[in-house]
Amino acid sequence: MTRIEALPTPALLLDLDVLESNLGRMSQRVERLGVALRPHIKTHKCIEIAKLQRQGGIAGLTVSTLYEARVFADHGFNDLTWAFPLVLSRLPEALDLAARSRLGFVIDSEKALAALSSLPPRENPIHVWIKVDCGYHRAGVDPRAESSLRLAGDIAASSGLIFEGILSHSGDAYYGQDSDEIAAIAEQERVIMVELAERLGSSGIEVRGISVGSTPAMTHAHDLDGVTEARPGNYALFDYTQHVLGSCSIDECAVTVLASVVSSHADHSVIDAGALALSKDPGPKHDEVPSMGRVFSDPGSKALDPDLRVVSVSQEHGIVNRELAVGSKLRILPNHSCLTVSCFDDYQVVRGDDIVDRWKIWRGR
Ligand SMILES: Cc1ncc(COP(=O)(O)O)c(C=O)c1O
C-alpha cells in the first residue's frame, strides 16, 4: 500500500476517518435541531462523499453550478437545489436538467421571474425559491420590503411554477468574533426567515420550505425552530478558517495539501504549492498572524508547527518562512478547503499514513 511520503506533490490528502466523523456529527446535529440536511457539495465536488452523506440521511443536495447539478444528477442524485441566483444565459441548460431531475431554482428579482413565467407550458413544473438577505448583503431580497411579498405572490400565481419557499445563506457568520456572536447571527437568520414565512402565510401564500445555513451558523446555532432544512457544505472537510471560528478543532480538518520544498534560502524556502494548490484565500478575518496556509510539524503529525507558515503564494510557488531541506515534504492546512479542493483533479484518500483510494473532484461551471 502506498504511504503518504511516497506521493508525488502537490497532492490533496483527504483523511477518511475525519471525513466520516464530520459527516456523522452534522447529521446528528441537524437531527437534534429538528431540520433536514441538504448539504452543499460545492465544497467537496465528489460523488463518493455525497454517497456517504446520503447514507447519513439527507433531503437532497445543494449545488452552485449547473455543471455540478448535471454531474450529480447523472450519478443518481435527483433532488437538487441550484442555490445561486438564476443565470439567465444558462436557462436552456437548466431547463433540460429540470426535465429529468428535481432542480430547485433560486431567484431574487422580477426579471428572473419574468424569464421563468413566460416559458411555454412544460410537462414538469419548475420549483422556485426566493433568496432572502438576512444580513450578509450579498444576494437576496430585503425581507421587510413589500416587493418581496409581491415576488412570492407572483411566483405562486404563475402557472407552471411551484413556489417552494425562502432560502438564505448566513455568510455573515464568517465575520462573527466568537461562538456567541456566530450563534446570534444564526438566530437572526432564523427569526427573519420564520417571520417572513408567517407574513407570506397571512397573505395566503403557502411557504413549503425555509432553507438556511452556512457551516459556522449551523455548528453554533442553538435553535432552528420553524426552519425546515439546513445547507452547510464546508463542515464535511473544515479548514483553518473554521478552526479559528470555533467550528472545529485542527484534528477535525479533513483535507491537507502535501507539498515539497524545491528551493531553500537563509530566511525562506520555496514549495510546489502556490495559489493553484492552496488558493489565494487570505484566511480568517481575525487570525492573529495571517498566512496563506498553516503547516503541520511533520507530515504525519496532527499538530501545527507554531511558527512555520506559507507567507505568500504566486501561481505555482509558495513561500514558507524558514530554511528547509530541498526535497523535504510539508503538510499544509488550507485556509479555505472549498477553494483548495477546486485546484485539484482528485483526492488521495488516506487512513492514517496509508493511501487507500483516489476520488475524482468534479470541477466545472
Ligand atoms: C447559497 C449557499 N448556501 C450554502 C452554502 C454553504 O455554506 P458553507 O460553505 O459555510 O458551508 C453556501 C456557501 O457559500 C452558499 O453560497
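Computed from a predicted structure; not experimentally measured.

1. Things to note about the domain arrangement of the protein
When the parts come together, some accessible area is lost, and that loss is often what is quoted as the size of the interface. What the domain assignment lists for the protein is domain 1 (4-12 + 247-360) and domain 2 (34-235). Centre-to-centre, using C-alpha coordinates, domain 1 lies 33 Å away from domain 2. The interface of domain 1 with domain 2 comprises 11 residues on the first partner and 15 residues on the second. Regarding the contact of domain 1 and domain 2, the summed buried area is about 1,100 Å², with carbon and sulfur atoms giving 60% of it. Contact with domain 2 buries area across many residues of domain 1, yet S247, H286 and W359 alone supply 44% of it, more than any other trio. The tally of links from domain 1 across to domain 2 stands at zero salt bridges. Joining domain 1 to domain 2, the criterion identifies three residue pairs in polar contact (both at pLDDT 80 or more). Elements that contribute at least two residues to the side of domain 1 that touches domain 2 include exactly α11 (337-341) and β17 (354-360).

2. What to know about helix α6 (residues 146-157)
Taking 1.5 Å per residue, 12 residues should reach 16 Å; α6 reaches 17 Å between its end C-alpha atoms and fits that length. Taken as a whole, α6 has its buried residues at S148, L149, L151, A152 and I155. Projected down its long axis, α6 shows its buried positions confined to an angular sector of 160 degrees, all on one face. Summarising the geometry of α6, the exposed residues directed more than 90 degrees from the buried face are E146, R150 and A157. For α6, the elements touching its buried residues are β5 (102-107), α5 (110-117), β6 (126-131), β7 (161-167) and α7 (179-202).

3. Remarks on the environment of N234
Structurally, the position occupied by N234 is in the loop between β9 (229-230) and α9 (240-244). In this structure the C-alpha to C-alpha distance between N234 and C338, which are 104 residues apart in sequence, comes to 6.8 Å. Setting aside its immediate chain neighbours within four residues, N234 contacts T43, Y174, T215, D239, Q242, H336, S337 and C338.

4. Details of the sheet that holds β7
Read from one edge of the open sheet, eight strands run β2-β9-β8-β7-β6-β5-β4-β3, paired in parallel fashion. Of all strands in the sheet, those bounded by a partner on one side alone are β2 (36-37) and β3 (61-63). Direction of pairing for strand β4 (residues 79-85) relative to β5: parallel, over a ladder of four bridges. Bridge pairing in β5 places L80 opposite L103.

5. Quick notes on the nonpolar core
Counting residues in each nonpolar core, the largest one holds 106 residues, and the members touching the most others are L19 and Y347. The element contributing the most residues to this core is α7, with eight residues. Core analysis: the second largest hydrophobic core is formed by seven residues, I4, L7, A11 and V350 among them.

6. Some details on the packing of aromatic side chains
Scanning the model with the defined rule gives two aromatic pairs in all. Residue placement shows R54 over the ring face of F77; its charged tip is 4.2 Å from the ring centre. Cation over ring: K360 sits above W362, and NZ or CZ is 4.6 Å from the ring centre.

7. Things to note about the site of the ligand
Taken together, the neighbourhood of the ligand is formed by 14 residues, with K42, Y174, T215, G233 and N234 sitting nearest. Here a nitrogen atom of the ligand and a side-chain polar atom of R231 are 2.9 Å apart. Within the backbone of N234, an N or O atom sits 2.9 Å from an oxygen atom of the ligand. Contact with the protein chains removes 94% of the 390 Å² of surface that the ligand exposes when unbound. With respect to the pocket detection grid, the ligand is positioned in the largest pocket.

8. Some points on the pairing of strand β15 (residues 329-333)
A large share of β15 lies buried, amounting to four of its five residues. Of the pairings in the sheet, the one linking strand β10 (residues 255-264) to β15 comprises four bridges and is antiparallel in character. Bridge pairing in β15 links S260 to K329. Sheet topology places strand β12 (residues 293-296) next to β15; two bridges connect them, and they run antiparallel. Paired with R294 across the two strands is L333, which belongs to β15.

9. Comments concerning helix α3 (residues 66-74)
Every buried residue of α3 is accounted for by L66, E68, A69, V71, F72 and A73. Next to the buried residues of α3 lie α2 (47-55), β3, β4, α4 (91-98) and β5. Positive phi appears at G76, one or two residues downstream of α3, with a value of about 90 degrees.

10. With respect to the side chain of D272
Within the fold, D272 resides in the loop between β11 (269-271) and α10 (275-278). It is K329 that comes nearest to the buried, bridge-free D272 among opposite-charge side chains, at 8.3 Å. In this structure D272 touches T9, P10, A259, S260, V262 and E316, once residues within four positions along its chain are discounted.

11. So, the pattern of salt bridges
What the rule picks out here adds up to 21 salt bridges. One salt bridge connects E229 with R38, and the closest N-O pair in it is separated by 2.9 Å. Separated by 191 residues along the polypeptide, E229 in strand β9 and R38 in the loop between β2 and α2 bring together distant segments of the chain. What makes R38 buried here is its relative accessible area of 6%. Residues joined by salt bridges that share partners form a network here, namely R3, E5, D353 and D354.

Calculation rules
Residues numbered from 1 in each chain as written. Predicted model: local features only at pLDDT ≥ 70, side-chain atom pairs only at ≥ 80, totals over all residues. Heavy atoms only, no water. Domains from an automatic or database assignment. Contact = heavy atoms within 4.5 Å. Buried area = accessible area lost by both parts, 1.4 Å probe. Salt bridge = Lys/Arg side-chain N within 4 Å of Asp/Glu carboxyl O. Polar contact = N/O pair within 3.5 Å; in protein donor to acceptor, adjacent residues only side chain to side chain. Helix = DSSP H or I, 4+ residues; strand = E, 2+ residues; numbered from the N terminus. Expected span 1.5 Å × (residues − 1). Buried < 20%, exposed > 50% of the residue type's maximum accessible area, 1.4 Å probe, protein only. Arc of directions from axis to C-beta. Pairing = 2+ DSSP bridges. Core = buried A, V, L, I, M, F, W, Y, C linked by side-chain atoms within 4.5 Å. Phe/Tyr/Trp six-rings, centres within 6.5 Å; stacked < 30°, edge-to-face > 60°. Lys NZ or Arg CZ within 6 Å of the ring centre and 35° of its normal. Near = heavy atom within 4 Å. Areas by Shrake-Rupley, 256 points an atom, 1.4 Å probe, with all protein chains shown as cover. 1 Å grid on protein atoms, 1.4 Å probe; cavity = no way out; pocket = protein on both sides within 12 Å on 5 of 7 lines; lining within 4 Å. Sits in = over half its atoms within 2 Å of the grid points. Lys, Arg positive; Asp, Glu negative; His and termini not counted.

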